[in-house]
Amino acid sequence: MKKSIAMAAAMLISFSAVCMNASAEDTQVYVTISDDAKKLVLAQEPISVTDIDNDGKLTINDALYTTHENKFEGGAAAGYKTIEKEFGPMIDKLWGIENGGSYGYYVNDKYSGGLLDEIKDGDVLEAFVYPDPKDYNYFYSFFDAKKGEDTEPNKEVTLTLSYYTFNPDYSLKTNLLEGAKLTVNGKETDAVTDAEGKATLTLTEPGKNVISAVSDNVNIVPPTYVINVNGEVETTTTTTTTTSAVSTTSTTAAASTTASAKSNVKATTTASKGNSPKTGDSGAAVAVFALGAAVAVSFALRRRNEE
């Protein structure tokens, strides 16, 4: 009898552990991060959170660590760091930026008490770096919705923009934001919020559309609303010709436009031009030479070891 009870207890513990691990593996959080230039480096990116400290629960710290491990070049070791304080861990580096501890984070638009606060499947985590580490007049802003269902082109979207300030007792006060200009995938539009914080725009470009906002009146953390517009995403072909005194080379490359690369709205937009790194033929030749040299050295070492 005692043996049966012990076996049953062991099976129950094992079953509970398996369920807890399965639940942890299935937990997906949508992570947004903005840097010290108020640029959205991630916009509601789905992240499968891992219990990095094996404490049996999933926390904001777990989510941010996993996000950097999967999305930041060099992983969490290069982009994310915490330090222990009296009241628990605090962020010391976010998205590769160290500024002495001036960071913030909210879950589902609610102020979080610490990195060890638990998170659950479907939560939206937004973390940010203060542009000026000494100026805390940087206010968390948010739309009345986080995301929309997939839609056809010419979808009209109306959003209400608010931002938080603190009351004397440090509770949050919600304020409607007037005069903010909406952006789509980083490009400004003519849609401006009214006295009630509302603005309407029409989306026409297929793919992932990230709507955010900028304001000249209030220094705000960029909000996000994400919606996917159905339709084929265009591809473009770029031709580059390089001429030298010795030879002339013509190279044609097909560049695929990602879902979030370009968005248009019916209202006139202000185009912003960005420069991208250029790769010349000499760079390609050096890469091929280096690869060949590496293969030769590897082969020689292998022959030497075999002998």
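Since this is a predicted model, take the numbers as computed values, not measurements.

Parameters and conventions
- Residues numbered from 1 in each chain as written.
- Predicted model: local features only at pLDDT ≥ 70, side-chain atom pairs only at ≥ 80, totals over all residues.
- Heavy atoms only, no water.
- Pairing = 2+ DSSP bridges.
- Helix = DSSP H or I, 4+ residues; strand = E, 2+ residues; numbered from the N terminus.
- Axes fitted to C-alpha atoms, helices over the stretch in contact; angles between N-to-C directions.
- Buried < 20%, exposed > 50% of the residue type's maximum accessible area, 1.4 Å probe, protein only.
- Contact = heavy atoms within 4.5 Å.
- Phe/Tyr/Trp six-rings, centres within 6.5 Å; stacked < 30°, edge-to-face > 60°.
- Lys NZ or Arg CZ within 6 Å of the ring centre and 35° of its normal.
- Patch = residues over 30% accessible without salt bridge, like charges linked within 9 Å, V, L, I, M, F, W, Y side chains within 5 Å.
- Areas by Shrake-Rupley, 256 points an atom, 1.4 Å probe, with all protein chains shown as cover.
- Salt bridge = Lys/Arg side-chain N within 4 Å of Asp/Glu carboxyl O.
- Lys, Arg positive; Asp, Glu negative; His and termini not counted.
- Charge placed at Lys NZ, Arg CZ, Asp CG, Glu CD.

**Q** In this structure, what is going on with the sheet that holds strand β16 (residues 225-229)? I would like to understand it.
**A** Two modes of strand pairing occur in sheets, parallel and antiparallel, and in both the strands are linked by backbone hydrogen bonds. Taken together, the four strands give an open sheet; going across it, the order is β12-β11-β14-β16, and neighbouring strands pair in antiparallel fashion. Edge strands, defined here as strands with exactly one partner in the open sheet, are β12 (187-192) and β16. The mean inter-strand angle of the sheet, taken between neighbouring strand axes irrespective of direction, is 30 degrees. Of the strand pairs in this sheet, strand β11 (residues 181-184) and strand β14 (residues 207-214) are connected by four bridges, and their pairing is antiparallel. Bridge assignment links Val184 to a residue of β14, and that residue is Ile211.

**Q** Honestly, unusual backbone geometry in this entry has me stumped. Any pointers?
**A** Glycine aside, negative phi is the norm for most residues, and most peptide bonds take the trans geometry. One non-glycine residue, Asn154, lies in the positive phi region at around 70 degrees. Structurally, Asn154 can be placed in the loop between β8 (139-143) and β9 (155-166). Positive phi, normally seen in glycine, also occurs at Asn185, with a value near 50 degrees. Position of Asn185 relative to the elements: it lies in the loop between β11 and β12. Here Asn185 falls in the buried class, since its relative accessible area comes to 18%.

**Q** Teacher, can you tell me more about the environment of Leu177 here?
**A** Tracing the sequence through the fold places Leu177 in the loop between β10 (172-176) and β11. The buried category is assigned to Leu177, whose relative accessible area is 2%. Leu177 sits 16 residues away from Thr193 along the chain, and the two C-alpha atoms are 7.1 Å apart. With residues up to four places along the chain from it excluded, the contact list for Leu177 reads Leu161, Ser162, Tyr163, Thr193, Asp194, Gly197, Ser215, Val218 and Ile220.

**Q** Please explain the pairing of strand β2 (residues 40-48) as it appears in this structure.
**A** Walk down a regular strand and you will see the side chains alternate between the two sheet faces. Taken together, the six bridges between strand β1 (residues 28-34) and β2 define a ladder with antiparallel strand orientation. Bridge pairing in β2 links Val31 to Glu45. Hairpin connection between β1 and β2: a loop of five residues separates the two successive antiparallel strands, and Lys38 in this loop has a positive phi of roughly 60 degrees.

**Q** Explain the packing of aromatic side chains to me, please; I cannot follow it from the model alone.
**A** Two aromatic rings are characterised by how far apart their centres lie and by the angle between their planes. Applying the stated criterion across every chain, the model contains 15 aromatic pairs. Between Tyr140 and Tyr164 the ring centres are 6.0 Å apart and the planes differ by 15 degrees, which places this aromatic pair in the stacked class. You can see Tyr140 sitting in strand β8 and its partner Tyr164 sitting in strand β9, a full 24 residues away along the chain. For Tyr164, a relative accessible area of 11% translates into the label buried. Among the aromatic residues, those joined into a cluster by ring pairs are Tyr106, Tyr111, Phe128, Tyr130, Tyr136, Tyr138, Tyr140, Phe142, Tyr164 and Phe166. Note that Lys147 overlies the ring of Tyr30, its terminal NZ or CZ placed 3.4 Å from the centroid.

**Q** Is there a simple way to explain a negative patch on the surface in this structure?
**A** Negative charge collects at one region of the surface, where Asp53, Asp55, Asp117 and Glu118 lie side by side. With respect to the helices and strands, Asp117 occurs in the loop between β6 (110-111) and β7 (124-129). Judged by its relative accessible area of 31%, Asp117 is partly exposed.

**Q** It is not clear to me how the side chain of Thr27 should be interpreted in this structure. Could you clarify?
**A** The topology assignment puts Thr27 in the loop between α1 (2-25) and β1. On the basis of relative accessibility, which here comes to 8%, the residue Thr27 falls in the buried class. Discounting chain neighbours no more than four positions away, the residues touching Thr27 are Ile47, Ser48, Val49, Leu58, Lys120 and Asp121.

**Q** What is the right way to look at the pattern of salt bridges in this model?
**A** Charged atoms that come close allow side chains of opposite charge to pair. Counted under the stated rule, the structure contains seven salt bridges. Close ionic contact of Lys146 with Asp109 constitutes a salt bridge, the shortest N to O distance being 2.8 Å. Of the two residues, Lys146 is situated in the loop between β8 and β9 and Asp109 in the loop between β5 (103-107) and β6; the sequence distance between them amounts to 37 residues. Residue classification places Lys146 among the buried residues on the basis of a relative accessible area of 15%. For Asp109, a relative accessible area of 13% gives the class buried. Glu188 serves as the salt-bridge partner of Lys181, at 3.7 Å between the closest nitrogen and oxygen.

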